[in-house]
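Spelled out, the chains give:
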Amino acid sequence: MSIQQEVLEQMRDLHLRMHRLFNDRMRAHGASLAQLKLLLLMERCGAMRSTDIADALGQAPRTVTEAIDGLERDGLVARSPDPSDRRAKRINLTEAGRAVIREVEPHRDAFAAQFFEVLGDEDLNTFLSILRTLNDRMIEMGAPSTLDNGALDNRGSPEGSAQSGQ
């Protein structure tokens, strides 16, 4: 196996482990990672149509509709008419949705701190530089330069900082 393949496998394993552990920890505080990704996207972008949310998250429209239905039942989002298309609805973050984001923020921060405590500042800066270089390379290779309908640049993360797990 080449070193490049080993690096890809390690990145995949890290991604899967981080995703599972972060999801478990967020569920313990009342929000799944899937819900949190959607809420954070809406916090950054404002009201969005479900098709735009699906595109931004790389999910099937039906999957996003089901997630929105659940969030709406929980009072975390609300649907309103789209002023530019009377057939469409815009999904809005409610105050209760914003409260969920505020409630999990300290847990997200703690997760990131615990995860990265094994690296010193110099290693973190080097790692960040490498990630930026690899993200830029992915864009050069044809990946989209934005990951959430234009609200992030290529150095952003759907979950914010490194606690992502997406």
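Conventions adopted
Along every chain, residues carry numbers that run from 1 in the direction the sequence is written. Reporting in this predicted model follows two pLDDT cut-offs: at least 70 for local features of residues, and 80 or more for side-chain atom pairs to be given and counted; totals over whole chains, interfaces and linings ignore these cut-offs and use all residues. Hydrogens and waters are ignored; side-chain quantities use all the structure's heavy atoms. In this text, helices come from DSSP runs of H or I with a minimum length of four residues, and strands from runs of E with a minimum of two, each type numbered from the N-terminal end. Residue burial is assigned from relative accessible area. The probe radius is 1.4 Å, only protein chains are included, and a residue is buried under 20% of its type maximum, exposed over 50%, and partly exposed in between. The criterion used for residue contact is that any of the two residues' heavy atoms lie within 4.5 Å. The rule for a salt bridge is simple: a side-chain nitrogen of Lys or Arg has to be within 4 Å of a carboxyl oxygen of Asp or Glu. As used in this structure description, the phrase polar contact means that two N or O atoms lie within 3.5 Å; if the pair is within protein, one of them must be able to donate a hydrogen and the other to accept it, and residues adjacent in sequence are counted only when both atoms belong to side chains. A strand pair is defined by DSSP finding two or more bridges across the two strands.

### Concerning the overall build of the protein
Consideration 1: In terms of regular secondary structure, the protein is built from six helices and three strands.
Consideration 2: Each helix and strand of the protein, placed in order from N terminus to C terminus, yields the pattern α-α-β-α-α-β-β-α-α.
Consideration 3: Here the protein holds 166 residues, and the buried ones make up 30% of them.
Consideration 4: Looking at the protein alone, contacts between residues at least 24 apart form 51% of all its contacts between residues at least 6 apart.

### Describing the pattern of salt bridges
Consideration 1: All chains considered together, the criterion is met by nine salt bridges.
Consideration 2: Ionic pairing is found between D13 and R12, a salt bridge with its closest N-O pair at 2.8 Å.
Consideration 3: R12 sits in the partly exposed class, given a relative accessible area of 44%.
Consideration 4: The partner of E140 in a salt bridge is R137, and the shortest N-O contact between them spans 3.0 Å. Placement of both E140 and R137 in helix α6 (residues 121-140) is noted, with a separation of three residues, approximately one turn of the helix.
Consideration 5: Salt bridges sharing common partners tie together D69, E72 and R79.

### So, the side chain of T94
Consideration 1: Inspection of the secondary structure puts T94 in the loop between β3 (85-93) and α5 (95-116).
Consideration 2: At a separation of 2.6 Å, a polar atom in the side chain of T94 contacts the main-chain carbonyl oxygen of G75.

### Notes on the pairing of strand β2 (residues 77-82)
Consideration 1: Looking at chain direction, β2 and β3 are connected through six bridges and run antiparallel. Each residue of the ladder has a partner; that of P81, found in β3, is K89.
Consideration 2: Counted between consecutive antiparallel strands, the loop separating β2 from β3 contains two residues.

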